[in-house]
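Letter by letter, the chains look like this.
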Amino acid sequence: MEGLTSVRRSRAGGLLAALRWLALAAFIVALAQPRLTHSTTEVKASGIDIVCALDLSGSMYTQDYNINGQGISRFHIAQAVLKKFVEGRPDDRIGLVVFAAQAFIASPLTLDHDFLLDDLDRMQIGTINSDATAIGDGIMTALNRLRDLKAKSKIIVLMTDGGNNSGNIDPTTAAQAAQALGVKVYTIGLGNAELVREMGLPPGYLPDTDTLQKISDMTGAKSYQAPNAEELTAIYKDINKLEKTEAVVNKYTQYRELFQWAIAVGLALLLIEVVLAQTIFRRLP
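Counting restarts for each chain, with residues numbered from 1 along the sequence as it is written. Given that this is a predicted model, residues contribute local features only at a pLDDT of at least 70 and side-chain atom pairs are listed and counted only at 80 or more, while totals for whole chains, interfaces and linings are drawn from all residues. Values reported for side chains reflect all heavy atoms of the structure, with hydrogen atoms and water molecules removed beforehand.

(A) Molecular detail of the packing of aromatic side chains. Pairing of aromatic rings covers Phe, Tyr and the six-membered ring of Trp, with a centre-to-centre limit of 6.5 Å; geometry is then stacked below 30 degrees between planes, edge-to-face above 60, and tilted otherwise. Tallied over the full model, the rule gives two aromatic pairs. Between Tyr 61 and Phe 75 the ring centres are 6.4 Å apart and the planes differ by 80°, which places this aromatic pair in the edge-to-face class. Residue Tyr 61 is found in the loop between strand E2 (48-55) and strand E3 (65-67), and its partner Phe 75 is found in helix H2 (residues 74-87); the two are separated by 14 residues along the sequence. On the basis of relative accessibility, which here comes to 0%, the residue Phe 75 falls in the buried class. Secondary structure elements are taken from DSSP: a helix is a run of H or I of four residues or more, a strand is a run of E of two residues or more, and numbering for both begins at the N terminus. For every residue, the accessible area obtained with a 1.4 Å probe (protein chains only) is divided by the maximum for its type, and the residue is called buried under 20%, exposed over 50%, and partly exposed between those limits.

Written out as structure tokens, the structure reads:
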């Protein structure tokens with residue numbers, strides 16, 4: 001009988017010691033100040049709004065560009081380089097205007113660049129009347145997307161391979177409107193003059209460089225000529241550097257402190273130990 005009592009007392013002492021050690025462990029955890037962390041990051045637009053105006057006239061199917069020895073049309077090289085430009089500016093609102101005999105909005109200004117790129121993929125020569133080139137209308141359609149917006153910088157990037165021969169608005173008049181609204185119009189002339197001559201094509205298959213230069217000069221931008229794919233890629237890199245600003249990033253962090261729960265557990269364990277020691281285990285024979 002005495003042996004059984006000794007075993008019971010030993011077990012009771014072990015349980016009380018375990019409770020004491022658990023309480024100590026809880027207090028140590030409390031000293032470490034555990035917390036739950038919830039972070040959110042908000043990225044705002046950079047403040048630059050861009051409308052890309054792409055020529056869809058029939059001459060854009062002229063294959064006077066060359067990649068790896070294979071001829072490629074002006075339209076397809078312009079489409080490919082424009083995609084890379086969009087992908088390289090994730091924090092800018094970008095829209096797309098297409099023009100030929102008329103001008104249309106293909107995509108509104110958006111930060112959803114996947115949506116924009118899907119719209120760009122859908123564009124083809126013949127999507128709109130491709131019999132002529134309305135550069136002035138293309139600029140004005142782009143301006144109408146920018147005019148009422150508040151942005152640090154508003155720009156139009158216009159790509160064309162011809163001269164204005166259609167539409168209701170003269171390119172110079174459109175440039176004056178852009179100047180008044182503080183919108184810069186970067187112009188890019190597409191086409192390889194040497195290959196055009198070799199193909200026996202008329203001068204109308206080359207851009208009106210004087211008009212494009214005048215448009216850009218009036219609006220405080222730059223005019224470029226892209227006789228090959230490498231030049232076109234370099235042009236967009238240059239525009240990228242000229243029109244660059246940092247996006248606004250706001251990071252919010254919320255903390256939920258947990259040390260008080262560890263203290264509560266430790267105190268509860270100590271209380272249980274004291275109660276057991278003064279009641280049940282005290283009455284053990």
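Once the structure has been displayed, the description carries forward.
(B) Layout of the pattern of salt bridges. Within this document, salt bridges are pairs made up of a side-chain nitrogen of Lys or Arg and a carboxyl oxygen of Asp or Glu, the two lying within 4 Å of each other. The final tally for this structure, using the stated rule, is eight salt bridges. A salt bridge links Asp 49 to Arg 93; the shortest N-O distance between them is 2.8 Å. Taken as a pair, Asp 49 in strand E2 and Arg 93 in strand E5 (residues 93-99) lie far apart in primary sequence, 44 residues in all. Residues Arg 74 and Asp 161 are paired through a salt bridge, measuring 2.7 Å at the closest nitrogen-oxygen approach. Residue Arg 74 is located in helix H2, and its partner Asp 161 is located in the loop between strand E7 (153-160) and helix H5 (171-181); the two are separated by 87 residues in the primary sequence. Accessibility classification places Arg 74 together with Asp 161 in one group, the buried group.

(C) Here's a closer look at a nonpolar patch on the surface. Residues Ile 263, Leu 267 and Leu 270 make up a contiguous nonpolar surface patch of roughly 220 Å² in combined accessible area. With respect to the secondary-structure elements, Ile 263 resides in helix H9 (residues 259-278). Patch criteria: residues need more than 30% relative accessible area and no salt bridge. Like-charged residues are merged within 9 Å; nonpolar side chains of Val, Leu, Ile, Met, Phe, Trp and Tyr are merged within 5 Å. To measure how exposed things are, a 1.4 Å probe is used in the Shrake-Rupley method; for residues, cover is taken only from the protein chains shown.

(D) Region of interest: a negative patch on the surface. A cluster of acidic residues, Glu 87, Asp 112, Asp 114 and Asp 118, forms a negative patch at the surface. Its location among the elements puts Asp 112 in the loop between strand E6 (103-110) and helix H3 (113-122). Looking at Asp 112, the relative accessible area reads 41%, which means it is partly exposed. In this count, Lys and Arg are taken as positive residues and Asp and Glu as negative ones, while His and the chain termini are left out. For the purpose of locating charges, the reference atoms are NZ of Lys, CZ of Arg, CG of Asp and CD of Glu.

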